[in-house]
Amino acid sequence: MHNDALRVPNTSGLEPEDAKELIRGLVRERRSQRSAAEREKAAQALAEHAVQAVGDAQCVSVYVSRPTEPSTYPLLEALAARGIRTLLPVLGPGLNRAWAEFAGLDDLEERAPGRPPEPSGPALPAEAITEAEVVLTPALAVDVLGNRLGQGGGWYDRVLKTARPGTPAFAMVFDEELVGDRLLPRTDLDVPVDAVITPTHWFLLDGSAFRTEGLARQGLGQAGSTATRV
Ligand SMILES: Nc1nc2c(c(=O)[nH]1)N(C=O)[C@@H](CNc1ccc(C(=O)N[C@@H](CCC(=O)O)C(=O)O)cc1)CN2
Ligand SMILES: Nc1ncnc2c1ncn2[C@@H]1O[C@H](COP(=O)(O)OP(=O)(O)OP(=O)(O)O)[C@@H](O)[C@H]1O
């Protein structure tokens, strides 16, 4: 079990990019130590909370997890079972942003070594993200202000700038990756998220525009938790 919050070192003497890389290494190391059973249990619990967080949305964007990331496979199936249209990242040349619709787990395939699996269907342009009512993002860590540490491509920072203004962004992390005692390094290009989804709960962050009237307006779920810790 890995329930202890990640200890983020003091990186104030480092450039943001170097500080981020240091913390990425720590998180990746912890992620690599999880057992298959832990990952599977977390995936089921994460799906439960993500479905709650998505609420009434009819179109969402999700990512297809790689082996050590919080798994989105049960979530993808749960969204499909509810008839929710799901947009998934497709990497074009130079890691260009494109999207394709989820069409079943069997349809997902790794198109190039090291890249996340992608649907086989037609690629939609980067602007297709404007159709998503909620954007679920991968993250290695998130702090209490919603600063998100990603894998380092800047892919999702660009996605969040292209989404329809006001679209809530939710980061999916393991519980220990929600950093409470420090702020993560950030630059002006980083786009903060509005909420965090973990295997034990999901909640809107202080300062999120969705914390008050936004929730009802967007038809999003009410924050919640389950007793099971993963
Ligand atoms: N599951 C998942 N999907 C995601 C992201 C993520 O963090 N997680 N991304 C978040 O931004 C975007 C993809 N970002 C990527 C950034 C770089 C490389 C990359 O450089 N791949 C190398 C191989 C790397 C390796 O072997 O480890 C390559 O293509 O040559 C791949 C994806 C969109 N999809
Ligand atoms: N909107 C943007 N336009 C141009 N470059 C950007 C943008 N956002 C981020 N970048 C650049 O992309 C690189 C990686 O950014 P960053 O470290 O924030 O990635 P990340 O958030 O960890 O990764 P990801 O968003 O893919 O999950 C940095 O060099 C950053 O300057």
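Here goes a summary of the coordinates provided. If you're wondering where the values come from, they're calculated on a predicted model, not measured in any experiment. (Residues numbered from 1 in each chain as written. Chains lettered and ligands numbered in written order. Predicted model: local features only at pLDDT ≥ 70, side-chain atom pairs only at ≥ 80, totals over all residues. Heavy atoms only, no water.)

Notes on the packing of aromatic side chains
Next up, step 1: Scanning the model with the defined rule gives three aromatic pairs in all.
Next up, step 2: An aromatic cluster of three or more residues is present, and its members are Trp99, Trp155 and Tyr156.
Next up, step 3: Directly above the ring of Phe174 sits Arg34, whose terminal nitrogen or CZ lies 3.7 Å from the centroid. (Phe/Tyr/Trp six-rings, centres within 6.5 Å; stacked < 30°, edge-to-face > 60°. Lys NZ or Arg CZ within 6 Å of the ring centre and 35° of its normal.)

Examining the side chain of Thr137
Next up, step 1: Position of Thr137 relative to the elements: it lies in strand E4 (residues 134–138).
Next up, step 2: Once you skip the residues sitting within four places of it in the chain, Thr137 turns out to touch Tyr63, Arg148, Tyr156, Leu160, Phe170, Ala171, Met172 and Val193. (Helix = DSSP H or I, 4+ residues; strand = E, 2+ residues; numbered from the N terminus. Contact = heavy atoms within 4.5 Å.)

Looking at the environment of Leu204
Next up, step 1: With respect to the secondary-structure elements, Leu204 resides in strand E10 (residues 201–204).
Next up, step 2: Residue Leu204 is classed as buried on the basis of its relative accessible area, which comes to 8%.
Next up, step 3: Placed 151 residues apart in sequence, Leu204 and Ala53 show a C-alpha to C-alpha distance of 9.3 Å. (Buried < 20%, exposed > 50% of the residue type's maximum accessible area, 1.4 Å probe, protein only.)

Examining the site of ligand 2
Next up, step 1: Around ligand 2, a shell composed of 16 residues is seen, among which Arg24, Arg148, Gly150, Trp155 and Asp190 lie nearest.
Next up, step 2: Between ligand 2 and the protein, one listed contact pairs an oxygen atom with a backbone N or O atom of Tyr156 at 2.9 Å.
Next up, step 3: Asp190 is positioned with one of its side-chain polar atoms (N or O) 2.7 Å from an oxygen atom of ligand 2.
Next up, step 4: Coverage of ligand 2 by the protein chains reaches 77% of its 640 Å² of free accessible surface.
Next up, step 5: A molecule is said to occupy a pocket when more than half its atoms come within 2 Å of that pocket's grid points, and by this definition ligand 2 occupies the largest pocket.
Next up, step 6: Sorting the residues of the shell around ligand 2 by element identifies helix H1 (16–32) and helix H4 (155–162) as the ones contributing at least two each.
Next up, step 7: Here the residues of the shell around ligand 2 are counted per class, giving three nonpolar, five polar and eight charged. (Near = heavy atom within 4 Å. Polar contact = N/O pair within 3.5 Å; in protein donor to acceptor, adjacent residues only side chain to side chain. Areas by Shrake-Rupley, 256 points an atom, 1.4 Å probe, with all protein chains shown as cover. 1 Å grid on protein atoms, 1.4 Å probe; cavity = no way out; pocket = protein on both sides within 12 Å on 5 of 7 lines; lining within 4 Å. Sits in = over half its atoms within 2 Å of the grid points. Nonpolar A, V, L, I, M, F, W, Y, C, P; charged D, E, K, R; others polar.)

Points about the sheet that holds strand E11 (residues 224–225)
Next up, step 1: Pairing in this open sheet of eight strands is mixed, and the strands run E3-E2-E1-E4-E7-E9-E10-E11 from one edge to the other. The strands lining the two open edges of the sheet, one partner per strand, are strand E3 (97–101) and E11.
Next up, step 2: Judged from the three bridges that link them, strand E1 (residues 59–61) and strand E2 (residues 85–91) form a sheet pairing that is parallel. Each bridged residue has a counterpart across the sheet, and for Ser61 the counterpart in E2 is Leu87.
Next up, step 3: The strands that helix H3 (residues 73–81) touches are E1, E2, E4 and strand E7 (169–172); relative to E2, the one it contacts most, it runs at about 140 degrees. (Pairing = 2+ DSSP bridges. Axes fitted to C-alpha atoms, helices over the stretch in contact; angles between N-to-C directions.)

Looking at the site of ligand 1
Next up, step 1: Taken together, 16 residues lie around ligand 1, and Val64, Glu69, Arg115, Gln151 and Trp155 are the ones closest in.
Next up, step 2: Contact distances for ligand 1 include 2.7 Å between a nitrogen atom and a backbone N or O atom of Val64.
Next up, step 3: In the environment of ligand 1, a nitrogen atom lies 2.6 Å from a nitrogen or oxygen atom belonging to the side chain of Glu69.
Next up, step 4: When ligand 1 is considered free in solution it has 700 Å² of accessible area, and contact with the protein chains removes 69% of it.
Next up, step 5: Taking a 2 Å distance to the grid points as the criterion, the majority of the atoms of ligand 1 fall inside the largest pocket.
Next up, step 6: Class assignment of the residues belonging to the shell around ligand 1 gives a composition of 10 nonpolar, three polar and three charged.

Here's the deal with the nonpolar core
Most often, soluble globular proteins keep nonpolar side chains buried together rather than apart.
Next up, step 1: Counting residues in hydrophobic clusters, the biggest one holds 51 residues, and the most contacted among them are Leu75, Leu136, Phe170 and Ile197.
Next up, step 2: Tallying contributions element by element places helix H2 (residues 36–54) first for this core, with six residues.
Next up, step 3: Those residues in contact with Ile197, other than ones at most four positions away along the chain, are Leu46, His49, Ala50, Ala53, Leu136, Phe170, Ala171, Met172, Val173 and Trp202.
Next up, step 4: Core analysis: the second largest hydrophobic core is formed by nine residues, Ile23, Val27, Leu149 and Leu184 among them. (Core = buried A, V, L, I, M, F, W, Y, C linked by side-chain atoms within 4.5 Å.)

Focus: the packing of H2 against H3
Next up, step 1: In the contact formed by H2 and H3, the axes pass within 8 Å of each other and the chain directions differ by 40 degrees. Classified by the angle between their axes, H2 and H3 sit oblique to one another. As H2 packs across H3, the resulting crossing turns out to be right-handed. From H2, Ala43, Gln44, Ala47, Ala50, Val51 and Val54 reach across to H3, where they touch Pro74, Leu75, Ala78 and Leu79.
Next up, step 2: Taken together, the residues that form the contact of H2 with H3 break down as nine nonpolar, one polar and no charged. (Parallel < 35°, antiparallel > 145°, perpendicular 65-115°, else oblique. Left-handed = near helix turned anticlockwise from the far one by under 90°.)

By themselves these figures say nothing about function.
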